[in-house]
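Chain by chain, the residues:
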Amino acid sequence: MSAEGPPPPAGPRRLPGRLLVPVRTKTGVVLLHDEVSGNAYAVRLKLTKEVLTVQTQDVICVSASSRSANVHLLRNAGDEVTVTVEYLREAPSFLKLPLGSPGPPSAHSSRASSPLFDSGLHLNGSSSHTAPSSPPSPVANEPKYEKRWLDAWSVPLSMARISRYRAGAETLRPNAFQVVALDGVSSGLLQFPSAQEHAGWLQAVSANIGDLTLQTMEMTNKCCSPCDQVVHMGWVSERLEEADRSQTFRPTFLALKGPSLYVFCTPPVSILDWVRAEKTYNLCEVLFKVDKPQLPDACCSRASLGFWDPDFGDQGPHCFSVQVGRGGSHSFSVELGSELAEWEARFQRATFMEVQRTRSRTYVCSWRGRTLCLTVDFALGFTCFDSRTKNVLWRYKFSQLKGSSDDGKGRVRLLFQNLDTKQIETKELEFQDLTAVLHCIHSFMAAKVASVDAAFMDSQSVTRKFMHSS
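Computed from a predicted structure; not experimentally measured. Counting of residues starts from 1 at the beginning of each chain's written sequence and follows it residue by residue. In keeping with the predicted nature of the model, local features appear solely for residues at pLDDT of at least 70, side-chain atom pairs appear and are counted solely at 80 or more, and the whole-chain, interface and lining totals rest on all residues. Side-chain descriptors were evaluated using all non-hydrogen atoms of the structure, hydrogens and water having been removed beforehand.

Student: In this structure, what is going on with the overall build of the chain? I would like to understand it.
Tutor: Strands here mean DSSP runs of E at least two residues long; helices mean DSSP runs of H or I at least four residues long; both are numbered from the N terminus. When you go through the chain residue by residue, the secondary structure sums to 11 helices and 24 strands. Each residue gets one of three labels from its accessible area relative to the maximum for its type: buried under 20%, exposed over 50%, partly exposed in between, using a 1.4 Å probe on protein chains only. Residue burial in the chain is summarised as follows: out of 470 residues, 37% are buried. Considering only contacts in the chain between residues 6 or more positions apart, those separated by 24 or more positions represent 52%. Each accessible area is a Shrake-Rupley estimate made with a 1.4 Å probe; only the visible protein chains count as cover when residues are assessed. Approximately 26,800 Å² of the chain is accessible, and the part contributed by carbon and sulfur atoms is 53%. What makes two residues a contact is simply this: any of their non-hydrogen atoms within 4.5 Å.

Student: How should I be thinking about the environment of tyrosine 145 in this particular structure?
Tutor: Its place among the elements puts tyrosine 145 in strand S7 (residues 144-156). Residue tyrosine 145 is classed as exposed on the basis of its relative accessible area, which comes to 55%. Between the C-alpha atom of tyrosine 145 and that of isoleucine 60, which follows or precedes it by 85 residues, the distance is 5.4 Å.

Student: Before we go on, may I ask you to explain the packing of aromatic side chains in this structure?
Tutor: Aromatic ring pairs are described here by two measures, namely the spacing of the ring centres and the angle between the planes. Stacked, tilted and edge-to-face are the three classes assigned to paired rings of Phe, Tyr and Trp, where Trp is represented by its six-membered ring and a pair needs centres within 6.5 Å; plane angles under 30 degrees give stacked, over 60 edge-to-face, the rest tilted. In the structure shown here, the tally under the stated rule is 16 aromatic pairs. Between tyrosine 396 and phenylalanine 416, the aromatic rings sit 4.1 Å apart at their centres with planes inclined by 5°, giving stacked as the arrangement. Residue tyrosine 396 is found in strand S21 (residues 392-396), and its partner phenylalanine 416 is found in strand S23 (residues 411-417); the two are separated by 20 residues along the sequence. Grouped by ring-pair contacts, the aromatic residues Phe288, Phe320, Phe332, Trp343 and Phe347 constitute a single cluster. Both a distance and an angle decide whether a charge sits over a ring: NZ of Lys or CZ of Arg must be within 6 Å of the ring centre and within 35 degrees of the ring normal. Looking at lysine 257, its charged tip hangs above the ring of tryptophan 274, at a distance of 5.1 Å from the centre.

Student: Explain the packing of helix H8 (residues 337-358) against helix H9 (residues 434-452) to me, please; I cannot follow it from the model alone.
Tutor: In helix packing, the relevant descriptors are the interaxial angle and the interaxial distance, both defined with respect to the helix axes. Viewed as axis vectors pointing N to C, H8 and H9 meet at an angle of 95°, and their least axial separation amounts to 9 Å. Relative to H9, H8 is oriented roughly perpendicular. Across from Thr351, Phe352, Val355 and Thr358 in H8, the residues of H9 making contact are Ser443, Phe444, Ala447, Ala450 and Ser451. Residue polarity follows a fixed list, in which Ala, Val, Leu, Ile, Met, Phe, Trp, Tyr, Cys and Pro are nonpolar, Asp, Glu, Lys and Arg are charged, and the others, Gly among them, are polar. Of the residues in the contact of H8 with H9, the class split is 5 nonpolar, 4 polar and no charged. A fitted line through C-alpha atoms represents every axis, and for helices the fit uses only the stretch in contact; the resulting angles, taken between N-to-C directions, go from 0 to 180 degrees. Orientation labels follow simple angle bins: below 35 degrees gives roughly parallel, above 145 gives roughly antiparallel, 65 to 115 gives roughly perpendicular, and whatever is left gives oblique.

Student: So what exactly am I meant to see when it comes to the side chain of serine 443 here?
Tutor: The topology assignment puts serine 443 in helix H9. When its relative accessible area of 4% is taken as the criterion, serine 443 is described as buried.

Student: Would you take a moment to explain the pairing of strand S20 (residues 381-386) for this structure?
Tutor: In summary, the side chains of a regular strand alternate between the two faces of the sheet. Most of S20 is tucked away, with 6 of its 6 residues classed as buried. Two strands pair when backbone bridges link them, and strand S19 (residues 370-377) and S20 are joined in this way by 6 bridges, in the antiparallel orientation. Bridging across to S20, aspartate 377 finds its partner in glycine 381. For two strands to be treated as a pair, DSSP must find no fewer than two bridges joining them. The loop that links S19 with its antiparallel partner S20 comprises 3 residues. Examined bridge by bridge, S20 and S21 share 4 bridges and lie antiparallel to one another. For phenylalanine 385, the partnering residue across the bridge sits in S21 and is valine 392.

Student: Would you mind going over the pattern of salt bridges with me for this structure?
Tutor: Pairing is possible between side chains that carry opposite charge, provided their charged atoms lie close to one another. By salt bridge we mean one thing: a side-chain nitrogen of Lys or Arg within 4 Å of a carboxyl oxygen of Asp or Glu. In this structure the tally under the stated criterion is 13 salt bridges. Residue arginine 370 is joined to aspartate 386 by a salt bridge in which the shortest nitrogen-to-oxygen separation is 3.1 Å. Of this pair, arginine 370 sits in strand S19 while aspartate 386 sits in strand S20, placing them 16 residues apart in sequence. Taking the relative accessible area as the measure of exposure, aspartate 386 reaches 8% and is therefore buried. Each of the salt bridges in this network shares a partner with another, and the network as a whole consists of Glu238, Arg250 and Glu278.

Student: What's the story with the nonpolar core in this structure? I'm lost.
Tutor: Soluble globular proteins: nonpolar side chains tend toward being buried together. Leu374, Phe382, Trp394, Phe416, Leu429, Phe431 and Phe444 are the most contacted members of the largest nonpolar core, which totals 25 residues. Among the secondary structure elements, those contributing two or more residues to this core are strand S18 (360-367), S19, S20, S21, S23 and H9. Apart from residues no more than four positions distant in its own chain, phenylalanine 431 is found in contact with Tyr363, Val364, Cys365, Leu374, Gly410, Val412 and Val437. Note on terminology: a nonpolar core comprises buried Ala, Val, Leu, Ile, Met, Phe, Trp, Tyr and Cys residues joined through side-chain atoms within 4.5 Å.

Student: Quick question: what am I supposed to make of the sheet that holds strand S15 (residues 287-290) here?
Tutor: Working definition: the strands of a sheet are paired by backbone hydrogen bonds and lie parallel or antiparallel to each other. One open sheet holds the 7 strands; their spatial order is S14-S13-S12-S11-S17-S16-S15, and the pairing between them is antiparallel. What marks the edges here is a single partner per strand, and that holds for strand S14 (279-282) and S15. On average, adjacent strands in this sheet sit at an angle of 30° to one another, irrespective of strand direction. The sheet contact formed by strand S12 (residues 247-257) and strand S13 (residues 260-264) spans 5 bridges and is antiparallel. The residue bridging phenylalanine 253 from the neighbouring strand is phenylalanine 264, located in S13. Where H8 meets the sheet, it contacts strand S11 (230-241), S12, S13, S14, S15, strand S16 (318-323) and strand S17 (329-334), and its direction lies at approximately 115° from that of S11.

Student: What is the right way to look at the confidence of the model for the chain in this model?
Tutor: Do not read the fine detail of predicted coordinates wherever pLDDT is low. Summarising the model, the chain shows a mean pLDDT of 81, and 71% of its residues fall at 70 or more. The low-confidence segment residues 8-21, where pLDDT is below 50, has 18 contacts with residues more than four positions distant or belonging to other chains. What pLDDT expresses is the predictor's confidence in each residue, scored from 0 to 100. Overall, residues 295-313 carries pLDDT values under 50, and its contacts beyond four positions in sequence, including any with other chains, amount to 47 contacts.

Listed below in structure tokens is the structure:
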């Protein structure tokens with residue numbers, strides 16, 4: 001069972017001077033699963049804009065004659081508290097006296113053995129102080145207890161990550177996930193009763209994390225130049241191949257900022273952290289590629305390879321790769337199909353912006369012992385010239401490139417169509433880092449097409465072809 005707050009209002013997410021962040025609230029009871037012992041017990045989740053709180057059930061005293069006073073004294077007593085306990089040996093015999101019995105015992109017995117009489121209180125008879133007209137009802141003073149959900153621990157959602165997979169493996173936990181904060185605090189493995197409950201919570205928590213990430217990006221961009229803005233960032237799971245060819249997975253934080261793709265072990269929380277990236281790559285020289293989804297047959301038949309199915313939820317895994325220079329590659333996965341679509345769109349946008357900023361890139365190459373340079377220019381296309389004399393040897397527009405092939409090492413063959421003769425002209429060149437050059441050509445040609453027809457580029461989205469958002 002869960003209760004969800006009102007849906008966020010539609011409208012722009014940004015206003016001058018501030019960022020509008022829709023608040024998603026949600027509560028519900030789930031199972032907290034211990035993978036080591038296999039035990040599970042019920043907890044209550046409370047989701048707010050910035051925190052996921054895990055509550056456990058406990059029995060508390062809700063009413064007693066002196067409870068509130070005692071609690072107040074203890075809370076305001078300071079760092080050290082001394083409690084003195086006194087046992088009244090003769091109290092039971094006095095408390096058992098029936099109402100209407102004769103007056104108090106002799107002075108000797110009362111003074112010597114009854115502290116109750118020392119206080120001036122007599123159960124039946126005269127008193128040095130005014131006694132109550134009737135004893136209070138024992139039932140009224142008895143403490144009352146109730147079961148209540150109490151906050152056990154909280155997981156801050158700023159820069160937090162979600163994991164549906166077993167640690168270090170690609171095994172998907174069915175209808176379960178855990179939330180891990182930036183400081184390492186974890187919600188524990190949360191097990192949901194159904195795919196619908198699981199999907200609802202997963203999307204709500206992910207949305208709140210995304211909103212807080214947008215706020216962090218907004219603050220970071222205020223300190224950065226216009227050409228060095230953060231376009232997108234977030235957690236992914238990176239697939240690593242060990243020496244024995246076994247595969248492990250680790251959480252990795254990616255960021256698209258200015259001209260570069262940043263790879264971090266932990267998120268940057270200050271401007272100085274950006275120079276501590278594990279790796280950086282120029283966006284013009286990387287290639288983003290979405291892996292086609294490998295969904296279960298039942299899910300494919302019901303959802304037509306979509307993100308969402310009422311009976312199966314968001315299946316995953318949602319994978320993409322980033323190919324870098326010299327044949328290198330990184331393989332990543334994200335928890336939600338919507339995240340995959342976001343990464344694809346943001347990569348395209350960041351690359352387009354970098355091409356617009358740089359306008360051209362030049363690479364040293366050679367052919368038959370002659371040192372040449374190839375310039376890829378957003379406006380002019382391809383220009384090859386002598387590196388020493390700067391004499392232009394040939395020039396073609398992007399539209400004239402009709403094909404290419406390479407030997408997988410350093411040599412590439414470019415096929416251009418002559419505008420006058422309509423014949424294909426072949427140009428062969430050798431590069432030190434052929435992969436980076438080919439990725440650059442791809443980036444510039446994609447940006448050229450996008451500048452002419454943005455809708456065409458959007459229609460080429462692999463994510464949109466094979467999946468649809470819920």
